[in-house]
Amino acid sequence: MCGVLGILGKCPLVRAKRLLLLLAHRGQDAAGLLWPTDGGFTTAKALGSPQRVVVPDEAPEVVLGSTRYPTYGRRITSEDDLDQCAGPFASGRIAISHNGNITNLRRLTDREYGSDSQFIAERLDMHLSETGDDLVEAVRRLEDELDGAYSIAGIHRGRLFAMRDPRGFKPLVFGRKDNTAIVASESTVFDMQGVSLERDIYPGELIIFSPDGGMESHSISQDLTHSHCFFEYVYFAQPSARIENQLVYDVRFRLGRALALCFKKMDLEMPDYVVPIPDTSRPAAQALAEELGVPMREIILKNRYLGRTFILQSQHERNDLAKWKYLYLDDKIRGKTLLIVDDSIVRGTTARRIVDDLRQRGASKVYFAATCPPQTDPCYYGIDISTGSELIASNTDVPGIETFIGADALIYQDMDGLINAIGLRDLCLACLGQEYPTEYARRIHHHFKGRGLKPGTRDYERELD
Ligand code: SF4
């Protein structure tokens, strides 16, 4: 998961940096901006938040932004890695910012890339050379050879372009006002720039925005089966974002209502309080509390000041610091039956620590609810879990997970509740044990199922060859 930004129309770089901050939750490893300068492109990049990117006092006609998350496990830990791993990337006449993961990269190159985005930029530049600088034909050739997820904003000859893979895994939206066009992973960016959301870039579509306010839309792929990542709604996106015409906040609220049905089926004693684990589960917890007719209380607070230190430490230090992640309102916990709500349970270690913390503070019962069903399988489309063994639900059933986290009851969302809450049928649900939507990811998965892949490398692709 990464954040993608593209702005056409004079925009001070300081302002572009501020807009990029609205995508900081999509990638906290690094951030960067890129803009054309005489005969090439200039970049400004930094580890961590966009706030740390130092930009000159300029207002280029077109600019790209990127926030970076390690899509296949490699974290950026030093300034030396920035140019290799953090976008946006330029190659020859083209520059791009990308979100996603290419699953057949090893089929296409032997070269090691710090980021798929760098590979895509070079490939696109190669196809531009082959096609006499024809962007539409170059994108067509690129799309013919790629398998996986890619939502891209780019610059070509002073124009801004945007494209999505034929399945539309990752969100990408655009808005326009006068001669300004903005492309972004999430629509929240537009509000701050006084631009209204126009629509999503369609899966398989290429849009080219010109400085005179013109816009061309090209249908590169006619694939009618789409696979929008359900996890965007459950966890990644800001609640204020609108993806595929769905306000993420509304989806999360409906997830809470659906979760209430799952809770009622279990015939448990009513809790004293419904308690969200901040921040993503708050709308769901509110809806769940309303449906059950019990109050919601925010008795678990996030310690907001761990910042980048939390990310940059060794695994041992990270585990140690994780204990400091949450603060508790002890007075509201003692003697109470609590229904804790989180968006998902990945490794189970966070849920276990929270349940334990609440028991130590005197909770009489702790129920734990997750707004999405058990995640049983890895993601090859750009989420940092490329090995199934990292997921507790891949090898433990629900009673086993309940025992592991130490809860009095564990309530998972069911599949119908999830799909109905999102309100779309064409979702990617592969990490919930459903079929992978693209051929190469299916082949990787079937080849390695049960063997445990190695996070942080692309060995799973290489071995398949
Ligand atoms: S496998 Fe899961 S996380 Fe990955 S794109 Fe599909 S739904 Fe999203």
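Residues numbered from 1 in each chain as written. Predicted model: local features only at pLDDT ≥ 70, side-chain atom pairs only at ≥ 80, totals over all residues. Heavy atoms only, no water.

Caption draft 1: Inspection of the environment of Arg-297 at higher detail. Examined against the element boundaries, Arg-297 turns out to sit in the loop between helix H9 (282-292) and strand S18 (300-302). Judged by relative accessible area, which is 36%, Arg-297 ranks as partly exposed. Each C-alpha atom of the pair Arg-297 and Lys-332 lies 8.4 Å from the other, and the pair is 35 residues apart in sequence. (Helix = DSSP H or I, 4+ residues; strand = E, 2+ residues; numbered from the N terminus. Buried < 20%, exposed > 50% of the residue type's maximum accessible area, 1.4 Å probe, protein only.)

Caption draft 2: Region of interest: the domain arrangement of the protein chain. Structurally, the protein chain comprises domain 1 (3-226) and domain 2 (251-426). On a C-alpha basis, the centroid separation for the pair domain 1 and domain 2 is 33 Å. (Domains from an automatic or database assignment.)

Caption draft 3: Focus on the pattern of salt bridges. One pass over the full model with this rule turns up 26 salt bridges. Ionic pairing is found between Lys-10 and Glu-61, a salt bridge with its closest N-O pair at 3.4 Å. Residue Lys-10 is found in the loop between strand S1 (3-8) and helix H1 (13-21), and its partner Glu-61 is found in the loop between strand S3 (40-47) and strand S4 (62-68); the two are separated by 51 residues along the sequence. On the basis of relative accessible area, Lys-10 is assigned to the exposed category, the value being 59%. Residue classification places Glu-61 among the partly exposed positions, given a relative accessible area of 46%. Two residues, Arg-141 and Glu-137, come together in a salt bridge whose shortest N-O distance is 3.6 Å. Here Arg-141 pairs with Glu-137, and both are found in helix H5 (residues 135-145), just four residues apart, close to one helical turn. Given a relative accessible area of 33%, Arg-141 falls into the partly exposed group. Judged by its relative accessible area of 28%, Glu-137 is partly exposed. Salt bridges sharing partners connect three or more residues here, namely Arg-93, Asp-125, Asp-133 and Arg-157. (Salt bridge = Lys/Arg side-chain N within 4 Å of Asp/Glu carboxyl O.)

Caption draft 4: Structural context of the site of the ligand. Around the ligand sit Cys-229, Phe-230, Cys-379, Tyr-381, Ile-383, Cys-428, Ala-430 and Cys-431, and that is every residue in its neighbourhood. Classifying every residue of the shell around the ligand gives eight nonpolar, no polar and no charged. (Near = heavy atom within 4 Å. Nonpolar A, V, L, I, M, F, W, Y, C, P; charged D, E, K, R; others polar.)

Caption draft 5: Structural detail: the sheet that holds strand S12 (residues 205-209). One open sheet holds the six strands; their spatial order is S5-S6-S7-S8-S12-S13, and the pairing between them is antiparallel. Looking at which strands have only one partner, the edges of the open sheet turn out to be strand S5 (89-91) and strand S13 (215-219). Averaged over all pairs of adjacent strands, the angle between strand axes in this sheet comes to 20°, irrespective of strand direction. Sheet topology note: the strand S6 (residues 94-102)/strand S7 (residues 148-156) ladder contains nine bridges and is antiparallel. Bridge pairing links Ile-102 to Gly-148 in S7. Each of S5, S6, S7 and strand S8 (159-164) touches helix H4 (residues 116-130); the most contacted strand, S6, lies at about 125° to it. Set on the sheet, H5 makes contact with S6, S7, S8, S12 and S13; between it and S8 the angle comes to about 25°. (Pairing = 2+ DSSP bridges. Axes fitted to C-alpha atoms, helices over the stretch in contact; angles between N-to-C directions. Contact = heavy atoms within 4.5 Å.)

Caption draft 6: Quick peek at the side chain of Arg-106. Among the structural elements, Arg-106 can be located in helix H3 (residues 105-108). Given a relative accessible area of 5%, Arg-106 falls into the buried group. At 3.3 Å, the side chain of Arg-106 forms a polar contact with the backbone oxygen of Arg-111. (Polar contact = N/O pair within 3.5 Å; in protein donor to acceptor, adjacent residues only side chain to side chain.)

Caption draft 7: Seen up close, the pairing of S13. Sheet topology note: the S12/S13 ladder contains five bridges and is antiparallel. Note on S13: the bridge partner recorded for Ile-207 is Ser-217.

Caption draft 8: Representation of the nonpolar core in the model. Grouped together as the largest cluster of nonpolar side chains are 38 residues, with contacts concentrated most on Phe-230, Tyr-381, Leu-418 and Ile-422. Taken together, the elements giving at least two residues each to this core come down to helix H7 (230-236), helix H8 (248-265), helix H14 (415-422), strand S23 (427-428) and helix H15 (439-448). Mapped onto the domain boundaries, this core takes at least three residues apiece from domain 1 (3-226) and domain 2 (251-426). If we skip the residues at most four places from it in the chain, Leu-418 touches Phe-230, Val-234, Leu-255, Thr-371, Cys-372, Pro-373, Gln-413, Leu-429 and Leu-432. By size, the runner-up hydrophobic cluster in this structure holds 26 residues, among which are Ala-351, Leu-358, Phe-368 and Leu-410. (Core = buried A, V, L, I, M, F, W, Y, C linked by side-chain atoms within 4.5 Å.)

Caption draft 9: Representation of unusual backbone geometry in the model. In this model, Gly-87 is joined to Pro-88 through a cis peptide bond whose omega is -5°. With respect to the secondary-structure elements, Pro-88 resides in the loop between helix H2 (82-85) and S5. Positive phi is not limited to glycine here, since Asp-133 has a value of about 70°. For Asp-133, the location among the structural elements is in the loop between H4 and H5. With phi around 55°, Asp-267 is a residue other than glycine that occupies positive phi space. Note that Asp-267 resides in the loop between H8 and strand S17 (273-276).

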